[in-house]
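Commentary on secondary and tertiary structure
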Amino acid sequence: MRDVAIVGIGQTPVREHWDRGLRDLAVEAVLAAMDDAHVRRADALYVGNMLSGTLSFQEHVGALIAEYAGLEGIEAVKVEAACGSAAAALRQAVLAVQSGQVEVAIAVGVEKLTELASKCTTNALAMAADADYEAVMGLSFVAINALLMRRYMYEYGVSKEDFAAFTVNAHANARHNPFAMFHTPVTREQYAAAKMIADPINLLDSSPVSDGAAAVVIVPAERAREFSDKPVRVAACEVGTDTVALDNRANPLWLKGVERSARRAYRRAGVEPQDIGVFEVHDAFSIMAALSLEASGLAEPGTAVRLANEGAITPTGQFPIATMGGLKGRGHPVGATGLYQVVECVLHLRDEVPDAVRVEGVQYAMAQNIGGSGATVITTLLERLIT
Amino acid sequence: MDIPRNWRLRDQRYRLQGTRCASCGAHHFPPRPVCPRCRGRHVEPYRFTGRGRVYSYTVVYQAPEGFEQYVPYVVALVDLEEGVRVTAQLTDVDPEEVAIGMPVEMVLRKLGEEGERGLILYGYKFRPRIGDPKGEAESD
Ligand SMILES: [Zn+2]
């Protein structure tokens, strides 16, 4: 199998894009990535998306986006894995180019969540859970994460207020990212006073409902310099799964899908957790950031919240996370999120991030995209090629 | 909520019926064609006793569509005595009184309804085991 590299990136700002539809957002990101890679054509397009059918009443978005991006005729297909859809699409692009079947592949993640009333969006997002045994009980996606957070607090003796460290860091970093949804810092006091959604999860634990699209261009590594002066190697892009329903896991506080995906990625890339300079974590809720750090091997079980409060997660800490705002600060357009994370990792490895969030000496950056409460996890390790 | 789907799930919703693996004895809820423990395919129906304890819970203030009129309500993960965990609402209890480890038992209740002329959906919820000597003895 041949090595592959990312030679182009594109992203739209994450916003409530009332004036823009799903296809516009996707096309903007695809064209930006193609311009960045100086390509006019591609051989295949993989579209990560969760809810086009439910919220935009539009399926078949693979061919649709290819057509409107001026790529009519190429192989194009949608990939769906709930909030993990974008990285799942990236995985397909990587496999296609690695195999030699495809020379230039584009992966784009796109989501349009603000098309209908917010109730519809809440219900649609709950489709990531088990419809027959979770959603039917009145369990929103927020509530599922609240079940995890309550048990974490109980088992490890952590207080609700301690989780503020994740939100404070995410918002502090998002200020420097022009593509982020939020540019205002959040204090611990604001966190403690935020409105409760599903106790113990409040508004400031939760990533915002938003729209956006992000894309990358993948080519064989040996040809990368034809397209870019700053190619980034895809050292691994590995998928792990777990039960869809939270209640079917023996220990819900240990995200086996994360462990499986991260271990496969470390093995494929030949790295250890401590080699990772930047970790774009799937902090859809602050509890998910904590559980991901632990199951990825960066923190011992039950210690992530304490480490976060000691400053380990800031750009100057031991393992910086959410450096461009994370899902909390940049925003979480669900089926696009995984590629926002990858684009941000590429920016680090190209030394193109703002000084305020720059991390010294990053050789490997890791993006981890999670579908549902951990049923599908894709861990991508990117490696610096330029020196 | 479509009618065939809810009719199909009646044994689960009304009777808390899952499966038991004939090879290794593991219990499953929901019912499964393949045992996750031993991968055996010889499973038989099993009706759970409905007795268990709260593993975790949340009090929902912002509800999904169709549940708005019930807020605040409690959804819990309940550890059944057969060693299986299920997700269900707690009922007949003040949200303030819910605690991890609390003994609970299954009851059949209304889960929701689809407007005035729509389907009324029934299924399992759990309530505290009050005055249950076994429950108190276990709860030390
Ligand atoms: Zn078995």
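Residues numbered from 1 in each chain as written. Chains lettered and ligands numbered in written order. Predicted model: local features only at pLDDT ≥ 70, side-chain atom pairs only at ≥ 80, totals over all residues. Heavy atoms only, no water.

**A short note on the pattern of salt bridges**
Here is the rule we go by: Salt bridges are defined as contacts in which a side-chain nitrogen from Lys or Arg sits within 4 Å of a carboxyl oxygen from Asp or Glu. By the criteria applied, helices consist of DSSP H or I runs no shorter than four residues and strands consist of E runs no shorter than two, each listed in order from the N terminus. Each residue gets one of three labels from its accessible area relative to the maximum for its type: buried under 20%, exposed over 50%, partly exposed in between, using a 1.4 Å probe on protein chains only.
As enumerated under the stated definition, the model contains 32 salt bridges over all chains in all. Where A:Glu103 meets A:Arg223, a salt bridge forms, and the shortest distance between an N and an O atom there is 2.9 Å. Of this pair, A:Glu103 sits in the loop between α4 (85-99) and β4 (105-111) while A:Arg223 is found in the loop between β7 (212-220) and α9 (224-227), placing the two residues 120 residues apart along the sequence. Relative accessible area serves as the criterion here: at 26%, A:Glu103 is assigned to the partly exposed category. Where A:Lys119 meets B:Glu68, a salt bridge forms, and the shortest distance between an N and an O atom there is 3.9 Å. A residue pair is termed interchain when its members come from two chains, as with A:Lys119 in helix α5 (residues 118-125) and B:Glu68 in the loop between β4 (51-60) and β5 (73-80).

**Points about the coordination of the zinc ion**
Residues and elements named next belong to chain B. Short version of the rule: Distances decide who is a donor: an N, O or S atom must be within 2.8 Å of the metal, or within 3.2 Å for Na, K and Ca. Water is not included, so sites may look incomplete. Square planar and octahedral assignments, for four and six donors respectively, both demand that opposite donors be over 155 degrees apart and that all other angles lie between 65 and 115; tetrahedral needs four donors with all angles between 85 and 135 degrees, and anything else is irregular.
Here the zinc ion is held by the protein donor atoms Cys-21 (SG), Cys-24 (SG), Cys-35 (SG) and Cys-38 (SG), which lie 2.3 to 2.4 Å from it. The coordination sphere of the zinc ion comprises four donor atoms, whose angles at the metal cover 99 to 115°; the geometry is tetrahedral. Along the chain, the residues donating to the zinc ion are arranged with the sequence spacing C-x2-C-x10-C-x2-C. Judged by its relative accessible area of 25%, Cys-24 falls in the partly exposed class.

**So, the confidence of the model for chain B**
How we decide: The pLDDT value expresses, per residue, how confident the predictor is, ranging between 0 and 100.
Confidence along chain B averages 92 in pLDDT terms, with 93% of residues attaining 70 or more. With a pTM of 0.97, the predicted complex shows an ipTM of 0.95.

**Section: a nonpolar patch on the surface**
Operational definition: Like charges are joined within 9 Å and nonpolar side chains (Val, Leu, Ile, Met, Phe, Trp, Tyr) within 5 Å, but only among residues with over 30% relative accessible area and no salt bridge; these make up the patches. Only the protein chains shown count as cover for residues, with accessible areas throughout obtained via the Shrake-Rupley method and a probe of 1.4 Å.
A surface patch of nonpolar side chains, about 380 Å² in accessible area, is lined by B:Tyr14, B:Leu108, B:Ile120 and B:Tyr122. Structurally, the position occupied by B:Tyr122 is in strand β8 (residues 120-128).

**A look at the confidence of the model for chain A**
In low-pLDDT regions, the fine details of the predicted coordinates are not to be read closely. For chain A, the mean per-residue pLDDT works out to 97, and 99% of the residues sit at or above 70. Element-level mean pLDDT values for chain A span from 90 in α5(A) up to 99 in β7(A).

**Some thoughts on helix α6 (residues 141-156) of chain A**
Residues and elements named next belong to chain A. Basically, it comes down to this: In a helix, the anticipated span is given by 1.5 Å times the number of residues less one.
Compared with an ideal rise of 1.5 Å per residue, which puts 16 residues at 22 Å, α6 spans 23 Å between its outermost C-alpha atoms and is within 8% of the ideal. Across the 16 residues that make up α6, a large majority, 13, are buried. Where α6 ends, the next residue or the one after it, Gly-157, has phi of about 65°, a positive value.

**Considering the domain arrangement of chain A**
All names here are of chain A. What counts here: Per the annotation, domain bounds derive from an automatic or database assignment of domains. When two parts are brought into contact, each loses some accessible area as probed by a 1.4 Å sphere; the total of that loss over both is the buried area.
Domain parsing of chain A yields domain 1 (4-117 + 209-232) and domain 2 (137-205 + 234-384). Distance between the C-alpha centres of domain 1 and domain 2: 23 Å. Between domain 1 and domain 2 the total buried area reaches about 3,100 Å² when both faces are included, carbon and sulfur atoms providing 67% of it. Per-residue buried area on domain 1 facing domain 2 is highest for Gln-11, Cys-83 and Val-232; these three make up 24% of the total on that side.

**What about empty space enclosed by the protein?**
Heads up, the rule is: Buriedness of a pocket was judged along seven lines, with at least five required to meet protein on both sides within 12 Å; pockets are open sets of points on a 1 Å grid over the protein atoms alone, cavities are sets where a 1.4 Å probe fits but cannot get out, and lining residues have an atom within 4 Å of a point. Grid points are joined across faces, edges and corners, and a volume is the space filled by probe spheres set on the points. Throughout this entry, Asp, Glu, Lys and Arg are counted as charged residues, while Ala, Val, Leu, Ile, Met, Phe, Trp, Tyr, Cys and Pro are counted as nonpolar. The remaining residues, Gly among them, count as polar.
What the rule picks out here adds up to three cavities of 30 Å³ or more. Taken together, A:Asp130, A:Tyr133, A:Ala245, A:Asp247, A:Asn248, B:Phe29, B:Pro30, B:Arg85, B:Val86, B:Thr87 and B:Tyr124 form the lining of the largest cavity. In terms of residue count, the dominant contributor to the lining of the largest cavity is strand β6 (residues 85-90) of chain B (three residues). Taken together, the residues that form the lining of the largest cavity break down as six nonpolar, two polar and three charged.

**Digging into the nonpolar core**
All names here are of chain A. This is how it is decided: What is meant by a nonpolar core is a set of buried Ala, Val, Leu, Ile, Met, Phe, Trp, Tyr and Cys residues, joined one to another through side-chain atoms within 4.5 Å. Residue contacts are counted whenever heavy atoms from the two residues lie within 4.5 Å of one another.
In terms of nonpolar packing, the biggest core is built from 82 residues, with Tyr-152, Phe-163, Phe-166, Ile-287, Leu-293, Ile-321 and Leu-381 touching the most fellow members. At ten residues, α6 tops the list of elements feeding residues into this core. Split by domain, the residues of this core number at least three in each of domain 1 (4-117 + 209-232) and domain 2 (137-205 + 234-384). Residues contacting Tyr-152, with those up to four places away along its chain left out, are Gly-157, Val-158, Phe-163, Leu-253, Ile-287, Ala-290, Leu-291, Glu-294, Gly-302, Thr-303, Ala-304 and Val-305. Core analysis: the second largest hydrophobic core is formed by 46 residues, Val-4, Val-14, Leu-90 and Val-102 among them.

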